[in-house]
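# Observations on the three-dimensional arrangement
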Amino acid sequence: MIFPDSRLQYKVDCSILDFFLNSVSSCLLLIKRMFMQVTSSSESLSRHLLRYRDMNNLVCLRLNNLSLSRIASVEKLLFVQMLDLSHNELHSTEGKFLDFRCCICVVNVTKWCMLVLQDWRQCNFSLV
Amino acid sequence: MVYVGLAGLEAMQLLSCLNLSHNRIRSFSALDSLRHVKQLKVLDVSHNHIGKHSVDTTRYLCSSPLSNSELGQDDVGKQNPGLVTKYWDAYCVLTDLNLKQLDIAGNEIAGEEFSSFVLQVVPKLVWLDGQKKLGN
């Protein structure tokens with residue numbers, strides 16, 4: 001990938017790109033390891049699901065004591081009425097990476113980032 | 001600008017009970033997304049770090065009392081403006097929730113003053129820290 005302007009521009013942008021991709025990928029992999037392990041299949045999810053028949057068949061999902069530090073991929077959990085996230089390492093109920101917003105000036109780099117990041121299908125990805 | 005986002009708990013619109021006890025939550029502003037979960041009736045945030053840190057970097061997520069013209073103008077805001085300012089992030093989140101039960105014990109912020117404030121902000125609350133509210 002060579003930018004038309006200059007070689008110097010190419011080196012600078014590559015270091016920014018490396019930093020950005022390393023940061024995002026390490027964070028995404030961390031989240032995949034945590035929430036996705038539980039929610040990836042109905043079999044793994046069912047191990048954590050309970051149904052309280054004496055409470056109007058309330059669906060309870062117990063994800064306690066799993067060392068979770070971020071919330072992600074709740075798309076598969078929309079039917080849950082009771083959620084137990086106790087004894088984890090959560091700092092927030094937010095699921096967004098506010099820390100990973102970044103500005104990349106070169107359009108080509110941004111497009112390339114999009115292609116790489118599209119591998120993580122569970123992410124909502126957009127250009128702002 | 002590239003923006004990567006993942007949905008948080010605000011997407012779980014059927015959620016009525018949420019246990020977040022024994023985590024690392026540092027302020028009520030970290031629970032801001034729960035304001036959109038209108039079915040939420042029971043919330044346990046006991047044994048976290050709420051009120052422990054004097055400088056909370058998540059506070060910027062909640063608008064300040066000086067910048068908001070509508071919030072803080074209710075009866076609680078008029079009677080106890082000092083408390084509303086002191087517990088502004090809790091005020092922002094709790095006023096939008098329809099909680100019946102709340103557990104906040106085991107946090108630095110917990111105490112008589114805060115419990116009294118919570119009962120004013122959430123008049124429909126029935127249970128606070130395992131104690132039934134008088135008059136219910």
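Keep in mind it's a predicted model, so treat the numbers as computed, not measured.

Right, let's talk about the overall build of chain B for a bit. Helices and strands together make up the secondary structure of chain B, namely four helices and six strands. Reading the secondary structure of chain B in the N-to-C direction produces β-β-β-α-α-α-β-α-β-β. Per-residue burial over chain B gives 38% buried out of 136 residues. Here the contacts in chain B between residues at least 6 apart in sequence split such that 76% fall between residues at least 24 apart.

With that out of the way, let us pick up the nonpolar core. If you look at the biggest cluster of nonpolar residues, it comprises 42 residues, and the most contacted ones within it are Leu15(B), Tyr91(B) and Val93(B). Sorting elements by how many residues they give to this core places helix H3 (residues 88-96) of chain B first, with six residues. Excluding anything up to four places from it in sequence, Leu15(B) contacts Val80(A), Gln81(A), Leu83(A), Leu9(B), Val37(B), Gln39(B) and Leu40(B).

A negative phi angle characterises most non-glycine residues, just as the trans form characterises most peptide bonds. All names here are of chain B. A positive phi angle, close to 55°, is found at histidine 22, a residue other than glycine. Assignment of secondary structure puts histidine 22 in the loop between strand E2 (17-19) and strand E3 (42-44). On the basis of neighbour counts, which here come to 20 C-beta atoms within 10 Å, the residue histidine 22 falls in the buried class. Despite not being glycine, histidine 47 has its phi angle at roughly 55°, a positive value. Considering the arrangement of structural elements, one finds histidine 47 in the loop between E3 and helix H1 (75-79).

Moving on, we get to the environment of Ser33(B). Among the secondary structure elements, Ser33(B) is positioned in the loop between E2 and E3. Here the alpha-carbon distance between Ser33(B) and Ala11(B), two residues 22 residues apart in the chain, equals 9.0 Å. With sequence-adjacent residues up to four places away left out, Ser33(B) is seen in contact with Thr93(A), Glu94(A), Gly8(B), Leu9(B) and Glu10(B).

Bringing H3(B) into the picture now. Three- or four-residue spacings in an α-helix give side chains the same orientation, since the helix completes a turn every 3.6 residues. Residues and elements named next belong to chain B. Counting buried residues in H3 gives seven out of nine residues, a clear majority hidden from the surface. Three or more residues of H3 are buried, namely Trp88, Asp89, Ala90, Tyr91, Cys92, Val93 and Leu94. Among the structural elements, helix H2 (81-86) and helix H4 (112-121) are those in contact with the buried residues of H3.

Right, let's get into the sheet that holds strand E5 (residues 127-128) of chain B. Taken together, the eight strands give an open sheet; going across it, the order is E1(A)-E2(A)-E3(A)-E2(B)-E3(B)-E4(B)-E5(B)-E6(B), and neighbouring strands pair in mixed fashion. The strands lining the two open edges of the sheet, one partner per strand, are strand E1 (49-52) of chain A together with strand E6 (131-132) of chain B. Bridging between strand E4 (residues 101-103) of chain B and E5(B) involves two bridges; their strand directions are parallel. Pairing of Leu102(B) across the sheet is with Leu128(B), part of E5(B).

Definitions and limits used
- Residues numbered from 1 in each chain as written.
- Chains lettered and ligands numbered in written order.
- Predicted model: local features only at pLDDT ≥ 70, side-chain atom pairs only at ≥ 80, totals over all residues.
- Helix = DSSP H or I, 4+ residues; strand = E, 2+ residues; numbered from the N terminus.
- Buried ≥ 20, exposed ≤ 12 C-beta atoms within 10 Å, placed from the backbone.
- Contact = placed C-beta atoms within 7 Å.
- Core = buried A, V, L, I, M, F, W, Y, C linked by C-beta atoms within 7 Å.
- Pairing = 2+ DSSP bridges.

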